[in-house]
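# Commentary on secondary and tertiary structure
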Amino acid sequence: MSPASRYTYLGPEGTFTEAALRTLPEAATRELVPMVSVPAALDAVRNGEAAAALVPIENSVEGGVTATLDELASGRPLMIYREVLLPIAFALLVRPGTSIESVKTVTGHPVAQPQVRQWMAKHLPDALWESAASNADGARLVQEGRYDAAFAGEFAAATYGLDPLVTDIHDADNAATRFVLVGRPARPAAATGADKTSVVFWLRDDHPGALLEVLQEFASRGVNMMRIESRPTGEGIGRYCFSVDCEGHLQQRRVGDVLMGLKRACEKVRYLGSYPRADGGRATERPGTTDTEFVEAADWLTRCLDGRG
């Protein structure tokens, strides 16, 4: 297939990322290519080798996936076009014939460990954990005999010839991971009424209240922030950028006005896209923040300038 029909994802085969990607209807008609890392999956899009990449960005237990946040904040710009929420439960995958008493070494993605820590303390208190590049890669390492067991999706067992010794493992009920489909920058899809907008911004300078001043751009326009995380810029201790998801779409006046406010107040702003919310949630518009009221306010200002106010 041509690059226009190719989607990359955090591999290898059998990852939760692949499972999330396969929930998208268009995945059935695309060539799905596993990559060794989040940067590799996104670079394939940047270099024109793939149309889009699906990568994890947030976990309900561990928070943001730093590799994805950092890649979206740096390098050639990319844009989020949609998101996927996938419930997460792990299986303990072992080679056939392995008993739980014989499991002395386990592996999995670093994000998986906090989600199974309590289960391990109860059932595998003496087992040694070592991290793998992904949960599916951990399954591959078990297949090769390098570890006794791996925490991965139960669906990965068949791919790597393993048995799910224990299933439905999770310390937190309703655990989920959020994934984003990322492509090259283009015009965002039309607003649906249940949307999310993502941006990264860098403060112009460090002074008391600097972050508060920027956050007031959201608050004063009634735009709810759904997530905010700071990430080091690499320019020295204390230098950070801020990754934000907020309710709404760029086409809505209040959201567009927030981004213009950020552009005025910040050293740099990177727009990462406006896209449908996976949970279908619709924002509540506070009085004074609807598109109609923004238009009416602009018309009033024009009348004032014309001497008709």
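Predicted, not measured: the structure shown is a model, and the values here were computed from it. (Residues numbered from 1 in each chain as written. Predicted model: local features only at pLDDT ≥ 70, side-chain atom pairs only at ≥ 80, totals over all residues. Heavy atoms only, no water.)

## Structural notes on the UniProt feature "domain: Prephenate dehydratase" (unreviewed entry) in the chain
The feature "domain: Prephenate dehydratase" (unreviewed entry), as given by UniProt, occupies residues 6-184 in the numbering adopted here. Segment residues 6-184 splits into 26% helix and 34% strand. End C-alpha atoms: 13 Å apart. (UniProt positions renumbered as here; feature names shortened; annotations may be inferred. Helix = DSSP H or I, 4+ residues; strand = E, 2+ residues; numbered from the N terminus.)

## Concerning the nonpolar core
Membership of the largest hydrophobic core comes to 30 residues, with the highest contact counts inside it found for Phe-90, Val-106, Met-120 and Phe-151. Put simply, the parts of the chain that give this core at least two residues each are strand E1 (6-10), helix H1 (16-21), strand E3 (52-59), strand E5 (79-87), strand E6 (90-94), helix H4 (113-123), strand E9 (149-152) and strand E11 (176-183). No fewer than three residues from each of domain 1 (1-88 + 174-186) and domain 2 (90-169) sit in this core. The contacts of Phe-90, once residues within four sequence positions are left out, are Phe-16, Ala-112, Gln-115, Val-116, Asn-135, Phe-151, Ala-152, Val-166, Thr-167, Asp-168 and Ile-169. Counting 22 residues, the second-largest nonpolar core is a separate cluster that includes Val-38, Ile-57, Ile-80 and Val-180. (Core = buried A, V, L, I, M, F, W, Y, C linked by side-chain atoms within 4.5 Å. Buried < 20%, exposed > 50% of the residue type's maximum accessible area, 1.4 Å probe, protein only. Domains from an automatic or database assignment. Contact = heavy atoms within 4.5 Å.)

## Section: the sheet that holds strand E12 (residues 195-203)
Judged by pairing direction, the sheet is antiparallel, and its 4 strands sit side by side in the order E13-E14-E12-E15 without closing on themselves. Either end of the sheet is taken by a strand with one partner, and the two such strands are strand E13 (225-232) and strand E15 (266-276). In this sheet, neighbouring strand axes are inclined to one another by 15° on average, regardless of whether the strands run parallel or antiparallel. Against the sheet, helix H8 (residues 253-265) engages E12, strand E14 (240-247) and E15, with an angle of about 160° to E15. (Pairing = 2+ DSSP bridges. Axes fitted to C-alpha atoms, helices over the stretch in contact; angles between N-to-C directions.)

## Some points on the domain arrangement of the chain
Domain assignment breaks the chain into domain 1 (1-88 + 174-186), domain 2 (90-169) and domain 3 (188-309). Each of domain 1 and domain 2 has a C-alpha centre, and these two points are 24 Å apart. With 12 residues of domain 1 in contact, the opposing surface of domain 2 contributes 14 residues. Across the domain 1/domain 2 interface, buried area totals approximately 1,100 Å², and carbon plus sulfur atoms make up 70% of it. Area buried by domain 1 at its contact with domain 2 is led by Gly-14, Phe-16 and Glu-62, which between them contribute 39% of it. (Buried area = accessible area lost by both parts, 1.4 Å probe.)

## Some remarks on unusual backbone geometry
Put simply, Gly-11 and Pro-12 share a cis peptide bond, and its omega is 5°. Assignment of secondary structure puts Pro-12 in the loop between E1 and H1. Its identity is not glycine, yet Asp-168 carries a phi of approximately 55°, on the positive side. Tracing the backbone shows Asp-168 in strand E10 (residues 163-169).

## Quick notes on the packing of aromatic side chains
Per the counting criterion, the structure on display carries 5 aromatic pairs. Consider the rings of Trp-119 and Phe-151, whose centres lie 5.9 Å apart with planes at 85°: the pair is edge-to-face. Note that Trp-119 is positioned in helix H4 and Phe-151 in strand E9, a separation of 32 residues in sequence. An identical accessibility class is assigned to Trp-119 and Phe-151; each is buried. An aromatic cluster of at least three residues, connected via ring pairs, comprises Phe-16, Phe-90 and Phe-155. Between Lys-268 and the ring centre of Trp-202, over which it is positioned, the NZ or CZ distance is 4.2 Å. (Phe/Tyr/Trp six-rings, centres within 6.5 Å; stacked < 30°, edge-to-face > 60°. Lys NZ or Arg CZ within 6 Å of the ring centre and 35° of its normal.)

## Re the sheet that holds strand E7 (residues 105-108)
Within a sheet, adjacent strands bond to each other through the backbone by hydrogen bonds, running parallel or antiparallel. Taking strand neighbours across the sheet as the criterion, the 5 strands line up as E8-E7-E9-E6-E10 in an open arrangement whose pairing is mixed. Each having just a single partner strand, strand E8 (128-131) and E10 make up the two edges of the open sheet. Sheet twist, expressed as the average angle between the axes of neighbouring strands with direction ignored, equals 25°. Where E7 meets E9, 2 bridges bridge the pair, whose relative direction is parallel.

## Some words on the environment of Phe-155
Locating Phe-155 in the fold gives a position in the loop between E9 and helix H6 (156-159). In this structure the C-alpha to C-alpha distance between Phe-155 and Gly-14, which are 141 residues apart in sequence, comes to 6.7 Å. Look past the residues within four positions of Phe-155 in its chain and what remains in contact with it is Gly-14, Thr-15, Phe-16 and Ala-19.

## Some words on the pattern of salt bridges
Enumeration according to the criterion identifies 22 salt bridges in this entry. Among the salt bridges present, the one from Asp-148 reaches Arg-95, with a minimum N-O distance of 4.0 Å. Of this pair, Asp-148 sits in the loop between helix H5 (135-143) and E9 while Arg-95 sits in the loop between E6 and E7, and the two are 53 residues apart along the sequence. In this structure, Glu-144 and Arg-140 form a salt bridge, with 2.7 Å as the shortest nitrogen-oxygen distance. (Salt bridge = Lys/Arg side-chain N within 4 Å of Asp/Glu carboxyl O.)

## Some points on a nonpolar patch on the surface
The grouping of Trp-300, Leu-301 and Leu-305 at the surface amounts to a nonpolar patch, some 370 Å² of accessible area in total. By the secondary structure assignment, Leu-305 is in helix H9 (residues 291-305). The class for Leu-305 is exposed, based on a relative accessible area of 70%. (Patch = residues over 30% accessible without salt bridge, like charges linked within 9 Å, V, L, I, M, F, W, Y side chains within 5 Å. Areas by Shrake-Rupley, 256 points an atom, 1.4 Å probe, with all protein chains shown as cover.)

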